[in-house]
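# Structure assessment
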There are 2 protein chains.
Amino acid sequence: MGEDDRQTKYIYRFEEGSRDMRGLLGGKGANLAEMTTMGLPVPPGFTITTLASAEYRRDGKMPESLLREIWEAMSDLESARGREFGSKDNPLLVSVRSGAPVSMPGMMDTVLNLGLNTETVQGLARATGDERFALDCLRRFVQMFGNVVRGIPTGDFERILESAREDAGVTTDHRLGPDELEQVIDRYLDLYRRRTGEPFPEDPRHQLIEAVEAVFRSWDNQRAVVYRRHQGIPDDVGTAVNVQSMVFGNLGNDGGTGVLFTRDPASGDPLLYGEYLQNAQGEDVVAGLRTPRAIDEMAQTMPDVYEELKRLAVVLEEHYGDVQDIEFTVEGGELFVLQTRTAKRTPAAAVRIAHDMVVEGVISREEAMMRVNPEDLSVLLHPSIDLAGEVDSVGRGLPASPGAASGKVVFDSDEAERMANDGERVLLVRPETTPDDIHGIVGAQGILTSRGGMTCHAAIVARGMGKPCIVGCGELKIDLAQQKAWLGSLELEPGDLITIDGTTGSVFAGEMELVEPILTSHFRTFLEWADEVRVLGVRANADTPVDAAVARDFGAEGIGLCRTEHMFMEPRRLKAVQNMIMANTSEERREALAEILPLQRSDFVELFEQMHGLPVTIRLLDPPLHEFLPDVAQLKEEIREMRASGAGWTALAEKEELHSRAVGLQESNPMLGLRGCRLGLTRPEIYEMQVRAIFEAMIQVREDGVEILPEIMIPLVSDVREYRELAAMVRRVEEEVGSVGDHLVGTMIEVPRACITAGEIAAEAEFFSFGTNDLTQTTFGFSRDDAEAKFMHHYLTEGLLDDNPFAVLDEAGVGELVRMGVDRGRSERGGLKIGICGEHGGDPKSIDFCHRVGMDYVSCSPYRIPIARLAAARAALADADRSEYR
Amino acid sequence: MGEDDRQTKYIYRFEEGSRDMRGLLGGKGANLAEMTTMGLPVPPGFTITTLASAEYRRDGKMPESLLREIWEAMSDLESARGREFGSKDNPLLVSVRSGAPVSMPGMMDTVLNLGLNTETVQGLARATGDERFALDCLRRFVQMFGNVVRGIPTGDFERILESAREDAGVTTDHRLGPDELEQVIDRYLDLYRRRTGEPFPEDPRHQLIEAVEAVFRSWDNQRAVVYRRHQGIPDDVGTAVNVQSMVFGNLGNDGGTGVLFTRDPASGDPLLYGEYLQNAQGEDVVAGLRTPRAIDEMAQTMPDVYEELKRLAVVLEEHYGDVQDIEFTVEGGELFVLQTRTAKRTPAAAVRIAHDMVVEGVISREEAMMRVNPEDLSVLLHPSIDLAGEVDSVGRGLPASPGAASGKVVFDSDEAERMANDGERVLLVRPETTPDDIHGIVGAQGILTSRGGMTCHAAIVARGMGKPCIVGCGELKIDLAQQKAWLGSLELEPGDLITIDGTTGSVFAGEMELVEPILTSHFRTFLEWADEVRVLGVRANADTPVDAAVARDFGAEGIGLCRTEHMFMEPRRLKAVQNMIMANTSEERREALAEILPLQRSDFVELFEQMHGLPVTIRLLDPPLHEFLPDVAQLKEEIREMRASGAGWTALAEKEELHSRAVGLQESNPMLGLRGCRLGLTRPEIYEMQVRAIFEAMIQVREDGVEILPEIMIPLVSDVREYRELAAMVRRVEEEVGSVGDHLVGTMIEVPRACITAGEIAAEAEFFSFGTNDLTQTTFGFSRDDAEAKFMHHYLTEGLLDDNPFAVLDEAGVGELVRMGVDRGRSERGGLKIGICGEHGGDPKSIDFCHRVGMDYVSCSPYRIPIARLAAARAALADADRSEYR
């Protein structure tokens, strides 16, 4: 065995390794070696290999030749640093760190300042001219060594320190003077002796060997063993040990310490960014007693070091291919890099950096795509609060529609409209909203409600309009009679200023500074690159010409979902819609609908003009009719009041008729009731009017040379027979209207049965659009509103669900039905056009699924189009089957 | 070709054929031959083969030798009947009928009395002594021949007849005298001449050949061609033609006509049953001028014929293996059988007959199973209305719980309870019921509501109790304030008697005679045979010891679903349940639940005792908590009244608290809300109490030697993690309670996601029970209540659905998910115990599916247990894979 030992190399100096030697040197060792060999001024050191660790564990002792190698390497360190390990005058100090090939919690971590003892500490004090600092280094070393090498609980040391602070009448450690620290050290050494039965090792060589052995042993501690078992890491890998010389930035004015970002991590501007402290050590930065200087001041104070840093920034970015966050220390005018890692950055910076690095030729466009998290783009697309995170919110609700808004509190929609017309910025604050509040929502900057879930009226309408909205803010108590509201410590009256952040759901007192979104040219270019990569089309869910314009500007390639009910809810039409609902016969219904027809037709005309050349998917009326009537309880109340006030007979009779109709339309579970195609089948006049409006609009815009590709979508089909009857109706209306031009007729797939029978449906339908909101509700048996109000929070915090399935498509359940729908649909009708128009269409994880399942496009809110474009590109890149992007 | 013709036999006399010669003789010809060869006195005749028809169609003319064969056969007929074709004195008359191998609409059907003309009619008049009858025969013959042979519309003949009736001032044909009939015949012959350009063929031979050719040609008429294409029947098969001598029962008192059932078709008693008219023809029976006599009187009037009929009844039952319905005519003391077919029968008779025929050795037990339609048994298991079908109902609602009941109308549950305690029979009539009405439902004979669907409160509770119930009777208007109701023409006040039929949904005025169900010994034996055949187990959905007793009596092999919420709804417990809901902390909840625990435990004790030796599946609390609270609108009304009447502060505050809690528990879609395991997970105290009650009851009954096999069922699981957490809770409670003995823990599979992830769930759950009510709701996206109230009727009448999927399991959609759940569950856990506990568990078509999909058992309402036992046996017999039952 002695023979073998001599042949094995157990130690690699940093300059001998590289990042490929992770198995032998561990992750940290390989990284230090990499930095060293690429020429960075890393404090010198060496790595004891994983092999040594494995032999130690096998034999219960260190390989003989290892000790010899250690002292050889230490001797090289002494030469390199011009210091002596254990010297009283100018002692070499080292750090000892474990470093397995895979990072592993529970392993012994770090011992700093190894080599200090009651004698060498004097040398450090002399060198730094700071006795307090030197003694504190020793105190920390004893504590760290005692804890990580010998297992003495940190709390025991902390209690000693605490009583010293009490004795001295100070609250922080750095107020303890040298004498007090010496006493603490004495008590530490005493604690060490009592707990281990041995004196603290004064001999630095002894310290080093003990520390290395402790690292070896920590491989087998329980937490590490459990972790390995859980992660399937073999037990016999072993860990490497890194021994590195310490450097000090507080040895004089030719030293210091700091942090450098190779570009501005907030804006992405290609300028050095960072800060430093002269004649200081990391501890000084943490203590916060001195204010660091901006990095570019170093050009004056340490011009050589600054030039060196500038050079290194370029080298590092080139080497690692990304912006770096570098920790450095300067000792005696000499720059040492302690660590470099990929810099964290704001979303704006992420886009700017990705863009610039492509232009600079550092990374490819494909790599740039993978550098930006699509979800993070959201803040770039909506107004946001400037001081977000620095001001406390007064309450929280569900983040129903992103973006921030400030304005005066108004409890009434009429008043909101009036004030808005007077040019005031208002926030509509209501228990909940109904179709009667539309004019108030239109006038308001944002909406805040105490009730409702992510799909309540306010949430849907606000998202459609791109207005910030918070719903279900349970802490908000509103007394409409008194015109007052309470939220946390705040009492609100009409006219009080508040700010809401619909992205986070937070409500703030007063008017806060907002940052408006700007689509920079970098951002636009970056998204164009994404477009080149992605396979999925990206469309918008947009109901109005305004939405459509926003969507086009954000890059939508069509409308994937135009919800015609929002057209019905417009204030000036609601009356006609209510007349239609109140009609007793098919004839009366037709008459009422005839009033709506021209309005609906002009909606489509405007939309088609706006979307010239792009496809527009129009969903026929979906919601149950009672959504267009006032609330039953409210009507009952009104009737009571009218009776009490002796209202006229006719007005009362009319109101009573409305109430009775509303009662008749009530449902136990409206989400599963008379809506979608069921409405179209039982009240055929409505869909007929809508289809006629579409066809007439097609004829009208075609005369103006507008190119149109409408896709008429029949919602909530559960059986092909429902589709068949309504598709026949569309053809019948087409024959009546005359030659209308190309268009498709298809269906939404949004209940499980439609996925299961997708083959039969695809035999007749010309396209599919997955309505994954409803499909998620029916697959789980969760009402979204009720789930989010009643138990979703519990489910997410208790780990009963990984994600809210209404935000991230549930691949195991809902996804399997979608896959079934796609497969069965396409095997019946090859090349069937398939998209998704649920809110998942704007979620990156779900978009990745849509790509993998082979959809043609995703459709999402206009304000999520850029997110979807990027997410679709990333999905294409991640797709292992598409080798051209590898 | 002349050569071939001579070798081909184109005609078979009835006595030459058999039922195996369907291809050559057609269905009717083979049947007549069969009856003849088995010795029945069938009026003699012969069949022209399908081959002759094929040649006629090929050559456009009859094969030469066919004519010769026809006259030979006619000559034999003349000999056999002692009459001459075309004779003026005693003419032989024949019928001509088509008869293809497969019965086919559109083919020429029947010409009767062929051989009559203006001369031979005199002979018939003389023979019958009834000139009017003879002339009417001729009139009918001319009309029939003109219509079916020459295509003259029947309406043209009918118009002549009508004007003759008008001229004579009579309203029915049999009031027309001989002179008038002669005039009609003249006008008929005139019409014939005008339409065909030929005179009516007086020559009987001519008539016969024309009729035969007409049959041949009718093979190619459009309706027959379309039908063949649709059914995939080849065009070259051709049809046979049957020529049979006419017999007359009105030639004297030694003749007559009648119908005989070989057993009583109402009771199934093994006695001849039927009626006859002496010296009469079928027409006389139809005219209804004379009252037929019971068949056994024939023993006196025509003893020989009666004996012959008795003998034939035995022969026929033996031959056909089933009860026969025989048409016969007696001419000159000679019995002729015109037709025999399987007799229609009541459900009671079907059971009795199937049983008796097994005992008599006529059929096997397996054949007996296939003779009784399981669905028909329902009427044998509930009281039914004696005169059902003969009295008009005054209104109709949804048949929510089968059976009939009469009683006094009561609009109030307190009053219903009071009157019931006084021994009165009452029917509770309400707009809808709530948990507050339980005592009223308990006291009432039946329930009638104007609102609600098949799963509303009244429907569920009534089905559970086996009480007749009609819900959603929209025509019923109730004014509770006035204590009046209106239904159709009826105005109802408290105390008025009405009758409801929950089997059909019909409401009747007054008290109607009811027939109580009796489980006869024949029925019991019959069901025991079914038990021997079936593979599926049959359990009951039963919540109370009373239900359980009924279920056991009906043959349930366990309880497949005990809904514990019904235990919560009992009046004396509801208060404690409401306290639990009102509790603000987990502690308060526990206190309130502690009151319920002993009651719940004693429920289980009673249930276990009742089900000694059989498994009992107990579902933990499923419905949302608001179902246990009064209605929000009602509470609001009560608060208003209390305020108006100056109620005490405490009482008002309490009511307001209740109202606020009820509002807080409201949900947009309760069916998809906080219920089932979601309730168990967010309010763990409730399930803990229930599980503790089960375990403590197990220990208690075990001491009394009761054998128990409880299966604890966790409802509404959509992900294995929900199940895992609650199953762990069950184990925890088990450890606390101590050694409780064997039991299973499993889950209900009732949302699509549970089917999809059934593999993961089966890895932990010990049994599955498919809750197909909810699974149907979520698979279609239909709320049962709303669908049945709003659009199901439209869907069924318009053919958008074949069956109501809540009654008959939708195999294409829901069934595929069930199949997926079974397959994935069993492939993870071989032999996983699987049942169904939705209402489909009592539907024969659905039971057949459950058998095919490999379930272990079905569970249904106690009153459907016999239906399920039979349906399960039939499913096993129908299963092609189980060869032992073939």
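Model, not experiment: these values are computed from the prediction. (Residues numbered from 1 in each chain as written. Chains lettered and ligands numbered in written order. Predicted model: local features only at pLDDT ≥ 70, side-chain atom pairs only at ≥ 80, totals over all residues. Heavy atoms only, no water.)

### Examining the overall build of chain A
Looking only at helices and strands, chain A has 37 helices and 33 strands in total. Overall, the C-alpha framework of chain A stretches about 105 × 65 × 50 Å when taken along its three principal axes. Across chain A, contacts joining residues at least 24 apart in sequence account for 68% of those joining residues at least 6 apart. Surface exposure of chain A reaches about 35,400 Å², of which carbon and sulfur atoms provide 47%. Taken as two groups, the 93 positive and 148 negative side-chain charges of chain A have centres that lie 3 Å from each other. (Helix = DSSP H or I, 4+ residues; strand = E, 2+ residues; numbered from the N terminus. Contact = heavy atoms within 4.5 Å. Areas by Shrake-Rupley, 256 points an atom, 1.4 Å probe, with all protein chains shown as cover. Lys, Arg positive; Asp, Glu negative; His and termini not counted. Charge placed at Lys NZ, Arg CZ, Asp CG, Glu CD.)

### Observations regarding the nonpolar core
Ranked by internal contacts, the top residues of the largest apolar core, which has 319 residues, are Phe526, Phe608, Phe695 and Phe770 of chain A together with Phe526, Phe608 and Phe770 of chain B. When near neighbours in sequence (up to four residues on either side) are disregarded, phenylalanine 526 of chain A contacts Val351, Ala354, Ala368, Met369, Val372 and Leu870 of chain A. (Core = buried A, V, L, I, M, F, W, Y, C linked by side-chain atoms within 4.5 Å. Buried < 20%, exposed > 50% of the residue type's maximum accessible area, 1.4 Å probe, protein only.)

### Focus: the sheet that holds strand β31 (residues 767-770) of chain B
Consider a sheet: its strands pair through backbone hydrogen bonds, and that pairing is either parallel or antiparallel. All names here are of chain B. Taken together, the eight strands give a closed barrel; going around it, the order is β26-β27-β28-β29-β30-β31-β32-β33, and neighbouring strands pair in parallel fashion. Strand-to-strand twist across the sheet, computed as the mean angle between neighbouring axes with direction ignored, equals 25°. With four bridges connecting them, strand β29 (residues 709-714) and strand β30 (residues 744-749) associate as parallel partners. Paired with glutamate 711 across the bridge in β30 is leucine 744. (Pairing = 2+ DSSP bridges. Axes fitted to C-alpha atoms, helices over the stretch in contact; angles between N-to-C directions.)

### With respect to the packing of aromatic side chains
Under the counting rule described, the total for this entry stands at 34 aromatic pairs over all chains. Taking the centre distance of 5.9 Å and the plane angle of 50° together, the rings of phenylalanine 568 of chain A and phenylalanine 628 of chain A count as tilted. Separated by 60 residues along the polypeptide, phenylalanine 568 of chain A in helix α22 (residues 565-568) and phenylalanine 628 of chain A in the loop between β28 (615-619) and α25 (632-644) bring together distant segments of the chain. On the accessibility criterion, phenylalanine 568 of chain A (1% relative accessible area) is buried. Judged by its relative accessible area of 1%, phenylalanine 628 of chain A is buried. Between phenylalanine 141 of chain B and phenylalanine 200 of chain B, the aromatic rings sit 5.7 Å apart at their centres with planes inclined by 85°, giving edge-to-face as the arrangement. (Phe/Tyr/Trp six-rings, centres within 6.5 Å; stacked < 30°, edge-to-face > 60°.)

### A closer look at the relation of the copies chain B and chain A
Laying chain B over chain A is done by rotating through 179° and shifting 0.3 Å along the axis; what remains is an RMSD of 0.3 Å. The two molecules are tied by a two-fold rotation axis, judged by turn and shift. When the interface residues of chain B are mapped onto chain A, 100% of them are again interface residues, pointing to one common binding face. (Least-squares fit on C-alpha atoms with pLDDT ≥ 70 in both.)

### Things to note about the pairing of strand β9 (residues 273-278) of chain A
All names here are of chain A. With six bridges connecting them, strand β8 (residues 256-261) and β9 associate as antiparallel partners. Each residue of the ladder has a partner; that of valine 259, found in β9, is glutamate 275. Taken together, the two bridges between β9 and strand β10 (residues 293-294) define a ladder with antiparallel strand orientation. From the neighbouring strand, glutamate 275 faces β10, where its bridge partner is alanine 294.

### What about the confidence of the model for chain A?
Mean pLDDT over chain A: 90, with 97% of residues reaching 70 or higher. Both scores are given for the predicted complex: the pTM is 0.81, the ipTM 0.80. (pLDDT = per-residue confidence, 0-100.)

### A word on the sheet that holds strand β19 (residues 469-471) of chain A
Residue and element names in this part refer to chain A. Strands sit in the order β14-β24-β23-β16-β17-β18-β19-β15 across an open sheet of eight strands; the sheet is mixed. In this open sheet, the two strands that pair with only one neighbour each are β14 (395-396) and β15 (398-401). Judged from the two bridges that link them, strand β18 (residues 446-449) and β19 form a sheet pairing that is parallel. Across the sheet, isoleucine 447 pairs through a bridge with cysteine 469, a residue of β19.

### Quick notes on the pattern of salt bridges
Residues and elements named next belong to chain B. Enumeration according to the criterion identifies 145 salt bridges over all chains in this entry. One salt bridge connects glutamate 307 with lysine 310, and the closest N-O pair in it is separated by 3.8 Å. Of this pair, glutamate 307 and lysine 310 both sit in helix α13 (residues 303-320), three residues apart, which is roughly one turn of that helix. The partly exposed category is assigned to glutamate 307, whose relative accessible area is 45%. A salt bridge links aspartate 856 to arginine 826; the shortest N-O distance between them is 3.2 Å. (Salt bridge = Lys/Arg side-chain N within 4 Å of Asp/Glu carboxyl O.)

### Some remarks on the interface of chain B and chain A
At the junction of the two partners, chain B supplies 50 residues and chain A supplies 50 residues. Surface buried jointly by chain B and chain A totals about 4,500 Å² across both partners, of which 52% is contributed by carbon and sulfur atoms. Inspection of the region where chain B meets chain A yields eight salt bridges. One salt bridge in this structure joins glutamate 637 of chain A and arginine 640 of chain B, with 3.1 Å as the shortest N-O distance. Applying the counting rule to chain B against chain A returns 34 residue pairs in polar contact (both at pLDDT 80 or more). Looking at which element gives the most residues to the side of chain B that touches chain A, the answer is helix α35 (residues 811-828) of chain B, with six residues. In terms of residue class, the side of chain B that touches chain A is made up of 19 nonpolar, 15 polar and 16 charged. (Buried area = accessible area lost by both parts, 1.4 Å probe. Polar contact = N/O pair within 3.5 Å; in protein donor to acceptor, adjacent residues only side chain to side chain. Nonpolar A, V, L, I, M, F, W, Y, C, P; charged D, E, K, R; others polar.)

### Quick word on the packing of helix α20 (residues 521-533) of chain A against helix α37 (residues 865-878) of chain A
Residue and element names in this part refer to chain A. Running from amino to carboxyl end, α20 crosses α37 at an angle of 40°, the nearest separation of the two axes being 8 Å. Judged by the angle between their axes, α20 and α37 are oblique. Here the hand of the crossing between α20 and α37 comes out left-handed. Contact residues: α20 offers Phe523, Phe526, Leu527, Glu528, Ala530, Asp531 and Val533, while α37 offers Pro866, Arg869, Leu870, Ala873, Ala876 and Leu877. Of the residues that constitute the contact of α20 with α37, the class distribution is ten nonpolar, no polar and three charged. (Parallel < 35°, antiparallel > 145°, perpendicular 65-115°, else oblique. Left-handed = near helix turned anticlockwise from the far one by under 90°.)

### Side note on unusual backbone geometry
Notably, asparagine 279 of chain A is not glycine yet its phi reads approximately 45°, a positive angle. Relative to the helices and strands, asparagine 279 of chain A is located in the loop between β9 and α11 (282-287). Given the relative accessible area of 26%, asparagine 279 of chain A is considered partly exposed. With a phi angle near 60°, asparagine 113 of chain B is a residue other than glycine that sits in the positive phi range. With respect to the element layout, asparagine 113 of chain B can be found in strand β6 (residues 110-114).

### Thoughts on helix α5 (residues 120-128) of chain A
Working note: α-helix, 3.6 residues per turn, so residues spaced by three or four point in the same direction. Residue and element names in this part refer to chain A. By the burial criterion, the buried members of α5 are Thr120, Val121, Gly123, Leu124, Ala125 and Thr128. In the core, the buried residues of α5 are packed alongside β4 (91-92) and α6 (131-149). Among the residues trailing α5, glycine 129 stands out with phi positive, at a value near 65°.

### A few points about the side chain of glutamine 143 of chain B
Tracing the backbone through its elements, the reader meets glutamine 143 of chain B in helix α6 (residues 131-149). Not counting chain neighbours up to four residues away, the residues in contact with glutamine 143 of chain B comprise Thr154, Phe157, Glu158 and Tyr188 of chain B.

### What about the packing of α6 of chain B against helix α7 (residues 154-168) of chain B?
Residue and element names in this part refer to chain B. Following both chains from N to C, one finds α6 and α7 inclined at 155°, their axes separated by 9 Å at the closest point. When the axes of α6 and α7 are compared, the pair comes out roughly antiparallel. Together, Arg139, Val142, Gln143, Gly146 and Asn147 of α6 and Thr154, Phe157, Glu158 and Leu161 of α7 make up the contact between the two elements. The residue inventory of the contact of α6 with α7, partitioned by class, reads three nonpolar, four polar and two charged.

### Thoughts on a negative patch on the surface
There is a patch of like negative charges on the surface, built from Asp130, Glu131, Glu158, Glu162, Glu166, Asp167, Asp179, Glu180, Glu182 and Asp186 of chain B. Residue assignment for the negative patch shows that the elements contributing at least two residues are α7 and α8 (178-196) of chain B. (Patch = residues over 30% accessible without salt bridge, like charges linked within 9 Å, V, L, I, M, F, W, Y side chains within 5 Å.)

### Some words on the side chain of glutamate 34 of chain B
All names here are of chain B. Its location among the elements puts glutamate 34 in helix α2 (residues 22-37). A distance of 2.9 Å separates the side chain of glutamate 34 from the backbone nitrogen of arginine 19, its partner in a polar contact. In this structure glutamate 34 touches Ser18, Arg19, His319 and Tyr320, once residues within four positions along its chain are discounted.

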